Amino acid sequence: NDHVIHIHMFTRRAASALDYRELARRRIPRFLFEYIDGGSYAEVTMRRNITDLEQVSLRQRVLNDVSSIDLSTTLFGRKQSLPIGLAPIGLAGMNARRGEVQAAHAAEAAGIPFCLSTVSACPLDEVAAHAREPFWFQLYMIRDRKFMKDLIAKAKEAKCSALVFTVDMPVPGSRYRDYRSGLAGSPGMMGAARRVWQAMLRPQWAWDVGVHGRPHQLGNVAPVLGKSSGLEDFFAWMRNNFDPKVTWSDLDFIRGLWDGPRIIKGILDPEDAKAALKLGADGIVVSNHGGRQLDGVLSTARALPPIADVVGGKMTVLADGGVRSGLD
């Protein structure tokens, strides 16, 4: 990281996203921090997401009345305070006690949507029991279509207001940091002992999440994993169950099960944006999975303009990746 952030070791205040990054690095075990902070392979795309956005110049006009500014917008029929939302994050519930529930409450307080990941720690029913507003649910294409059907049914029972279907992960990308930290490629007791040791070096996290944040499992996939629902089993399940044969025609399966807004996440090419529109998607997310999948592809800042030119005004276009402030 080119940025060096100096935060006094006893402070809990942060002025920017980079400050929060440093506080997180000090608070959570290394294997979790590297999972959140890292990208795939050499992390070229992850860096591009930031640098390409930084290189966008704003046009400044002066002497206009800016005393009253309204940042609210409407997404899929719901009014929200800001034109942003909380994207789905795998393992978020391992970073703070029942983290997805906390994230849902934070989104509600800010008046923005929250999207729950398929691979969250907190399952759909737990988040729904604590949420006061409907939230979105993110889904992967999995070989076991019955399991997908069951998840969609649970999302409907939880009164989720939109389904976000991620299409850029037919095969999980290789994330070197996860191997170096012991989150991946460390099977058996030795791998578990390595992660426990890292957790012991973060006593605040160990007490808040390690002791009081149980159960430590992937709530939505626990019915498939059964008793073996630890991190090691999760990664093995993900590698073995994500469907590399998926094509556009497979999305008809989703359309037949979900009658609410359908959002396709992982679009980087205008031709794919047109295909999503033709399929009847209500929206797309221009995304490269935060630079965590196919390394070397376009940044979202560069991919967005031509896509917006093709489908803008015909469907809702969202984007993620590289955002570090309101200025971005």
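Enquirer: Please clarify how the overall build of the protein chain should be interpreted in this entry.
Expert: Within the protein chain, the secondary structure is distributed over 14 helices and eight strands. Taken over C-alpha atoms, the radius of gyration comes to 20 Å for the protein chain, in line with the 20 Å a tight globule of 328 residues would show. Long-range pairs, those at least 24 residues apart, make up 67% of the contacts in the protein chain between residues at least 6 apart in sequence. Accessible surface for the protein chain amounts to roughly 17700 Å². Of this, 56% is attributable to carbon and sulfur atoms.

Enquirer: What should I look at first to understand the packing of aromatic side chains in this one?
Expert: The way to describe two aromatic rings as a pair is by their centre distance and the angle between their planes. One pass over the structure, following the stated rule, counts four aromatic pairs. With 5.9 Å between their ring centres and 80° between their planes, tyrosine 41 and tyrosine 176 make a pair best called edge-to-face. Of this pair, tyrosine 41 sits in the loop between helix 2 (30-37) and helix 3 (44-54) while tyrosine 176 sits in helix 7 (residues 176-181), and the two are 135 residues apart along the sequence. Judged by its relative accessible area of 36%, tyrosine 41 falls in the partly exposed class. What makes tyrosine 176 partly exposed here is its relative accessible area of 36%. Ring geometry for phenylalanine 114 against phenylalanine 135: centres 6.3 Å apart, planes inclined by 50°, an arrangement best described as tilted. Of this pair, phenylalanine 114 sits in the loop between helix 4 (99-110) and strand 3 (115-116) while phenylalanine 135 sits in the loop between helix 5 (124-130) and strand 4 (136-140); the two residues are 21 residues apart in sequence, bridging distant segments of the chain. In this structure phenylalanine 114 comes out as buried when scored by relative accessible area, which is 7%. Above the ring of tyrosine 35, the side-chain terminus of arginine 292 is found at 4.8 Å from the ring centroid.

Enquirer: Got a minute to help me understand the side chain of arginine 175 in this structure?
Expert: One can find arginine 175 in the loop between strand 5 (162-166) and helix 7. Within the structure, the side chain of arginine 175 is placed 3.1 Å from the backbone oxygen of arginine 292, a separation counted as a polar contact. If we skip the residues at most four places from it in the chain, arginine 175 touches Tyr35, Gly39, Ser40, Tyr41, Met169, His289, Arg292 and Gln293.

Enquirer: What am I meant to see in the packing of helix 13 (residues 270-279) against helix 14 (residues 300-311) here?
Expert: When two helices pack together, you describe them by how their axes are tilted relative to each other and by the distance separating the axes. Between helix 13 and helix 14, the shortest axis-to-axis distance is 9 Å and the interhelical angle comes to 35°. Here helix 13 and helix 14 pass one another in a crossing that is right-handed. Where helix 13 approaches helix 14, its residues Pro270, Ala273, Lys274 and Leu277 are matched on the opposing element by Pro306, Ile307, Val310 and Val311.

Enquirer: Honestly, the pairing of strand 5 in this entry has me stumped. Any pointers?
Expert: When a strand is regular, its side chains alternate between the sheet's two faces. With respect to burial, strand 5 is a largely interior element, five of its five residues being buried. What joins strand 4 to strand 5 is helix 6 (residues 145-157), and the crossover it makes is right-handed. As defined by bridge partners, strand 5 adjoins strand 6 (residues 262-267) across four bridges and the pair is classed as parallel. From the neighbouring strand, phenylalanine 165 faces strand 6, where its bridge partner is isoleucine 264.

Enquirer: I keep staring at the confidence of the model for the protein chain and nothing clicks. Help me out?
Expert: Predicted coordinates in areas of low pLDDT are best not read in detail. Across the protein chain, the average pLDDT comes to 91, with 94% of residues at or above 70. For residues 1-7, every residue scores under 50 in pLDDT, and the model assigns this stretch 12 contacts once sequence neighbours within four places are set aside.

Enquirer: Could you clarify how one ought to interpret the environment of alanine 162 in this entry?
Expert: With respect to the helices, strands and loops of the structure, alanine 162 is situated in strand 5. Look at alanine 162 and you get buried, because its relative accessible area is 0%. The spacing of alanine 162 and phenylalanine 137 is 25 residues in sequence and 6.4 Å in space, taken between C-alpha atoms. Residues in contact with alanine 162, not counting those within four places in the same chain, are Phe135, Trp136, Phe137, Trp258, Pro261 and Ile263.

Enquirer: Mind showing me how you'd approach the pairing of strand 8 (residues 316-319) here?
Expert: In the sheet, strand 7 (residues 283-286) pairs with strand 8 via four bridges, with the strands oriented parallel. Residue pairing across strands places glycine 283 opposite threonine 316, the latter belonging to strand 8. Once the chain exits strand 7 it traverses helix 14 before rejoining the sheet at strand 8, and the crossover so formed is right-handed.

Enquirer: In this structure, what is going on with the side chain of aspartate 320? I would like to understand it.
Expert: As for its position among the elements, aspartate 320 is in the segment after strand 8. With relative accessibility at 17%, the residue aspartate 320 sits in the buried group. Here aspartate 320 is in contact with Lys265, Val285, Val286, Ser287, Asn288 and Thr300, once residues within four sequence places are set aside.

Enquirer: Can you help me understand the sheet that holds strand 5 in this one?
Expert: In a beta sheet, neighbouring strands pair by backbone hydrogen bonds and run either parallel or antiparallel. With respect to topology, six strands assemble into an open sheet ordered 3-4-5-6-7-8, the strand pairing being parallel. Only two strands of the sheet have a single partner each, and these edge strands are strand 3 and strand 8. Here strand 3 runs beside strand 4; their pairing, made up of two bridges, is parallel. What sits directly across from cysteine 115, in strand 4, is tryptophan 136. On the sheet, helix 13 packs against strand 6 and strand 7 and is oriented at approximately 165° with respect to strand 6.

Enquirer: In this structure, what is going on with empty space enclosed by the protein? I would like to understand it.
Expert: Empty pockets left among the atoms are what a rolling probe the size of a water molecule brings to light. Inspection of every chain in the model, using the stated rule, returns two cavities of 30 Å³ or more. Estimates place the volume of the largest cavity at around 110 Å³. Considering the residues around the largest cavity, the lining is formed by Leu163, Phe165, Leu251, Ile254, Arg255, Arg262, Ile263, Ile264, Leu279, Gly280 and Ala281. Elements with a contribution of two residues or more to the lining of the largest cavity: strand 5, helix 12 (252-255) and strand 6. Counting residues per element, the lining of the largest cavity draws most heavily on strand 6, which supplies three residues. Within the lining of the largest cavity, the residues separate by chemical class into eight nonpolar, one polar and two charged. Here the second largest cavity is characterised by a volume of approximately 50 Å³. Of the residues contributing to the lining of the second largest cavity, the split by class is seven nonpolar, one polar and one charged.

What counts and how
- Residues numbered from 1 in each chain as written.
- Predicted model: local features only at pLDDT ≥ 70, side-chain atom pairs only at ≥ 80, totals over all residues.
- Heavy atoms only, no water.
- Helix = DSSP H or I, 4+ residues; strand = E, 2+ residues; numbered from the N terminus.
- Rg over C-alpha atoms; globule rule 2.2 N^0.38 Å.
- Contact = heavy atoms within 4.5 Å.
- Areas by Shrake-Rupley, 256 points an atom, 1.4 Å probe, with all protein chains shown as cover.
- Phe/Tyr/Trp six-rings, centres within 6.5 Å; stacked < 30°, edge-to-face > 60°.
- Buried < 20%, exposed > 50% of the residue type's maximum accessible area, 1.4 Å probe, protein only.
- Lys NZ or Arg CZ within 6 Å of the ring centre and 35° of its normal.
- Polar contact = N/O pair within 3.5 Å; in protein donor to acceptor, adjacent residues only side chain to side chain.
- Axes fitted to C-alpha atoms, helices over the stretch in contact; angles between N-to-C directions.
- Left-handed = near helix turned anticlockwise from the far one by under 90°.
- Right-handed = clockwise from strand over helix to strand, strands pointing away.
- Pairing = 2+ DSSP bridges.
- pLDDT = per-residue confidence, 0-100.
- 1 Å grid on protein atoms, 1.4 Å probe; cavity = no way out; pocket = protein on both sides within 12 Å on 5 of 7 lines; lining within 4 Å.
- Points joined across faces, edges and corners; volume = space filled by probe spheres on them.
- Nonpolar A, V, L, I, M, F, W, Y, C, P; charged D, E, K, R; others polar.

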